[in-house]
Amino acid sequence: MTDTTAQTVLHFWFDEATPRQWFAKDQAFDSQVAERFSALLDTAIAGELWMWRRSPQGRLAEILVLDQFSRNIHRDRAASFAQDPQALALAQEAVAARADRHLKVGQRAFLYMPYMHSESLRIHDEALRLFDQPGLEDNLHHERRHRAILERFGRYPHRNATLGRDSTAEEKAFLGQPGSSF
């Protein structure tokens, strides 16, 4: 078990890291996340951070580890998406318990991010509702773009190579367009 606390995760993500680092492909940042949090990700995958779920901030920290840190630690590998169902279930439980209402609006965006990462249109119907609130307008814009890709292809084509999925001709043409990937 790691000694890393939920507060350490939140401090790193919201105070040390920058918004540019959150969404950019940056090998140095990925290495930093891996060095500091790989053991914690393994702990989270094993379900051993359940005690963090007692508070909205702790639940958010666990979701960050599963949903965001996994993408940094396992960049360009299928393992980067492997925790998505677990992160989504935690986010859904938090929303059902109204725990999201106890978080700052910028933190809510990351509590809701597993909805955006889903390849289910039903989940995206809920994501549209969640991101449609003051302070999350930019996230709502991105959610609409994600949903449009799913409506068109039924999945995220930019994940195909990483997940070993064959791309259709239409997906290949789409991926050749500027700004097609997230």
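Residues numbered from 1 in each chain as written. Predicted model: local features only at pLDDT ≥ 70, side-chain atom pairs only at ≥ 80, totals over all residues. Heavy atoms only, no water.

Participant: Before we go on, may I ask you to explain the side chain of Asp67 in this structure?
Facilitator: With respect to the secondary-structure elements, Asp67 resides in helix 4 (residues 56–73). Apart from residues no more than four positions distant in its own chain, Asp67 is found in contact with Asp84, Ala87, Met113, Pro114 and His117. (Helix = DSSP H or I, 4+ residues; strand = E, 2+ residues; numbered from the N terminus. Contact = heavy atoms within 4.5 Å.)

Participant: Help me understand the packing of aromatic side chains, please; the structure alone is not making it clear to me.
Facilitator: How two aromatic rings sit relative to each other is given by the distance of their centres and the angle of their planes. Enumeration over the complete set of coordinates arrives at 15 aromatic pairs. When the ring of Phe12 is compared with that of Phe29, the centres are 5.8 Å apart and the planes differ by 5 degrees; the resulting orientation is stacked. Taken together, the positions of Phe12 in helix 1 (residues 6–16) and Phe29 in helix 3 (residues 27–45) put the pair 17 residues apart, joining distant regions of the chain. Judged on exposure class, the residue Phe12 and its partner Phe29 are both buried. (Phe/Tyr/Trp six-rings, centres within 6.5 Å; stacked < 30°, edge-to-face > 60°. Buried < 20%, exposed > 50% of the residue type's maximum accessible area, 1.4 Å probe, protein only.)

Participant: Help me understand unusual backbone geometry in this model?
Facilitator: Most of the time, phi is negative for any residue but glycine, and the peptide bond is trans. Despite not being glycine, Asp76 shows a phi value in the positive range, around 65 degrees. As for its position among the elements, Asp76 is in the loop between helix 4 and helix 5 (84–96). Within the chain, Arg98 stands out as a residue other than glycine whose phi angle is a positive 60 degrees. As for its position among the elements, Arg98 is in the loop between helix 5 and helix 6 (105–117).

Participant: Honestly, the packing of helix 5 against helix 6 in this entry has me stumped. Any pointers?
Facilitator: Think of two packed helices as two axes; the pair is described by the angle between the axes and how far apart they sit. For the pair helix 5 and helix 6, interaxial distance at closest approach is 8 Å and the crossing angle is 130 degrees. Looking at the two axes, helix 5 sits oblique to helix 6. Considering the relative orientation of helix 5 and helix 6, their crossing is left-handed. The residues of helix 6 that touch helix 5, namely those facing Asp84, Ala87, Leu88, Ala91, Gln92, Ala94 and Val95, are Leu111, Tyr112, Pro114, Tyr115 and His117. (Axes fitted to C-alpha atoms, helices over the stretch in contact; angles between N-to-C directions. Parallel < 35°, antiparallel > 145°, perpendicular 65-115°, else oblique. Left-handed = near helix turned anticlockwise from the far one by under 90°.)

Participant: Is there a simple way to think about the pattern of salt bridges in this case?
Facilitator: Applying the stated criterion to the full structure yields 16 salt bridges. With a shortest N-O distance of 2.8 Å, Asp84 and Arg71 are connected by a salt bridge. One end of the pair, Asp84, is in helix 5; the other, Arg71, is in helix 4, and 13 residues separate them in sequence. Here Asp84 matches Arg71 in class, with each residue buried. Of the charged contacts in the structure, one is a salt bridge between Glu119 and Arg165, with a shortest N-O distance of 3.0 Å. With Glu119 in the loop between helix 6 and helix 7 (121–131) and Arg165 in the loop between helix 9 (160–163) and helix 10 (169–175), this residue pair connects regions lying 46 residues apart in the sequence. Judged by its relative accessible area of 21%, Arg165 falls in the partly exposed class. Sharing partners across several salt bridges, the network here consists of Asp67, Arg71, Asp84 and Arg159. (Salt bridge = Lys/Arg side-chain N within 4 Å of Asp/Glu carboxyl O.)

Remember, this is a structural readout, not a statement about activity or role.
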